[in-house]
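So you can see what is in the structure, the chains are spelled out below.
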Amino acid sequence: MKIEDRKVASIHYTLKDDAGTVLDSSDGGDPLAYIHGMGNLIPGLESQLLGRSAGERLSVTVPPAEAYGEFDPDQVVEVSRSQFEGVAELAVGMQFTASGPDGHQMVTVTKVENDMVTIDGNHPLAGKTLHFEVTVMEVREATPDELSHGHVHGPGGHHH
Ligand code: ZN
């Protein structure tokens, strides 16, 4: 069976940046299971998986525009320390969910200086070219439940 829209594919993957540093990997765990054509994966990776079948290995390089977007300097803002009432120790790398005009957004603290805190609303992988090594483990039909939820159930998918 080949990967195509509405099929479930399970993949093992290793993700590296331009420097060859491993950013993420499914090694040692369940493969990642997703429904093709439902936006479960970044577009630049999903498009390369179309037509593949179990046992195929591929290397995929995905530019930022087809991954997590370009880095947007406007998403980096300074706010007052008082905005973090109740947080005892503010440190670089901490992540918070902020409410903004576009709904909830994950922000990362990138600098703490006196009473000012710099937060970055970009995705941590924004602006990065991503290098994936992928092995297709399994391709199967999606169940009606999975199609109506828009995600895979069971190992490598959602548990609920
Ligand atoms: Zn579900």
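Residues numbered from 1 in each chain as written. Predicted model: local features only at pLDDT ≥ 70, side-chain atom pairs only at ≥ 80, totals over all residues. Heavy atoms only, no water.

### Brief notes about the pattern of salt bridges
Piece 1. On inspection of all chains with the given rule, the structure shows 4 salt bridges.
Piece 2. Close ionic contact of lysine 7 with glutamate 4 constitutes a salt bridge, the shortest N to O distance being 3.1 Å.
Piece 3. Among the salt bridges present, the one from arginine 140 reaches glutamate 146, with a minimum N-O distance of 3.0 Å.
Piece 4. Looking at arginine 140, the relative accessible area reads 24%, which means it is partly exposed.
Piece 5. Residues participating in the shared-partner salt-bridge network are Glu4, Lys7 and Glu141. (Salt bridge = Lys/Arg side-chain N within 4 Å of Asp/Glu carboxyl O. Buried < 20%, exposed > 50% of the residue type's maximum accessible area, 1.4 Å probe, protein only.)

### Observations concerning the coordination of the zinc ion
Piece 1. Bound to the zinc ion on the protein side are His149 (ND1), His151 (NE2), His153 (NE2) and His160 (NE2), at distances that span 1.9 to 2.2 Å.
Piece 2. The sequence motif formed by the donor residues of the zinc ion is H-x1-H-x1-H-x6-H. (Donors = N, O, S within 2.8 Å, 3.2 Å for Na, K, Ca; no water.)

### Observations concerning the nonpolar core
Piece 1. Core analysis: the largest hydrophobic core is formed by 20 residues, its most contacted members being Leu45, Leu49, Leu130, Phe132 and Val134.
Piece 2. Contributions of two or more residues to this core are made by strand E1 (7–16), helix H1 (43–49), strand E4 (57–62) and strand E9 (130–141).
Piece 3. Considering each element in turn, this core owes the most residues, 5 residues, to E9.
Piece 4. Discounting residues that sit within four places of it in the chain, phenylalanine 132 has contacts with Tyr13, Thr14, Leu15, Ile42, Leu45, Leu58, Ser59, Val60 and Val62.
Piece 5. In terms of nonpolar packing, the next biggest core, distinct from the first, is built from 8 residues, Phe84, Phe96, Val109 and Val117 among them. (Core = buried A, V, L, I, M, F, W, Y, C linked by side-chain atoms within 4.5 Å. Helix = DSSP H or I, 4+ residues; strand = E, 2+ residues; numbered from the N terminus. Contact = heavy atoms within 4.5 Å.)

### Remarks on the sheet that holds strand E5 (residues 76–80)
Piece 1. Spatial strand order, E5-E8-E7-E6: 4 strands in an open sheet with antiparallel pairing. With partners counted over all chains shown, the strands left at the sheet margins are E5 and strand E6 (95–100), one partner each. Geometrically, the sheet is characterised by an average inter-axis angle of 45 degrees between neighbouring strands, direction not taken into account.
Piece 2. Of the pairings in the sheet, the one linking E5 to strand E8 (residues 116–120) comprises 5 bridges and is antiparallel in character. By the bridge assignment, valine 76 is partnered in E8 with aspartate 120. (Pairing = 2+ DSSP bridges. Axes fitted to C-alpha atoms, helices over the stretch in contact; angles between N-to-C directions.)

### Quick word on the layout of surface pockets
Piece 1. The computed volume of the largest pocket comes to approximately 380 Å³.
Piece 2. The wall of the largest pocket is formed by 19 residues, among which Ala98, Ser99, Gln105, Val107 and Ile119 lie closest to the centre.
Piece 3. Put simply, the parts of the chain that give the lining of the largest pocket at least two residues each are E6, strand E7 (103–113) and E8.
Piece 4. Partitioning the lining of the largest pocket into residue classes produces 7 nonpolar, 9 polar and 3 charged. (1 Å grid on protein atoms, 1.4 Å probe; cavity = no way out; pocket = protein on both sides within 12 Å on 5 of 7 lines; lining within 4 Å. Points joined across faces, edges and corners; volume = space filled by probe spheres on them. Nonpolar A, V, L, I, M, F, W, Y, C, P; charged D, E, K, R; others polar.)

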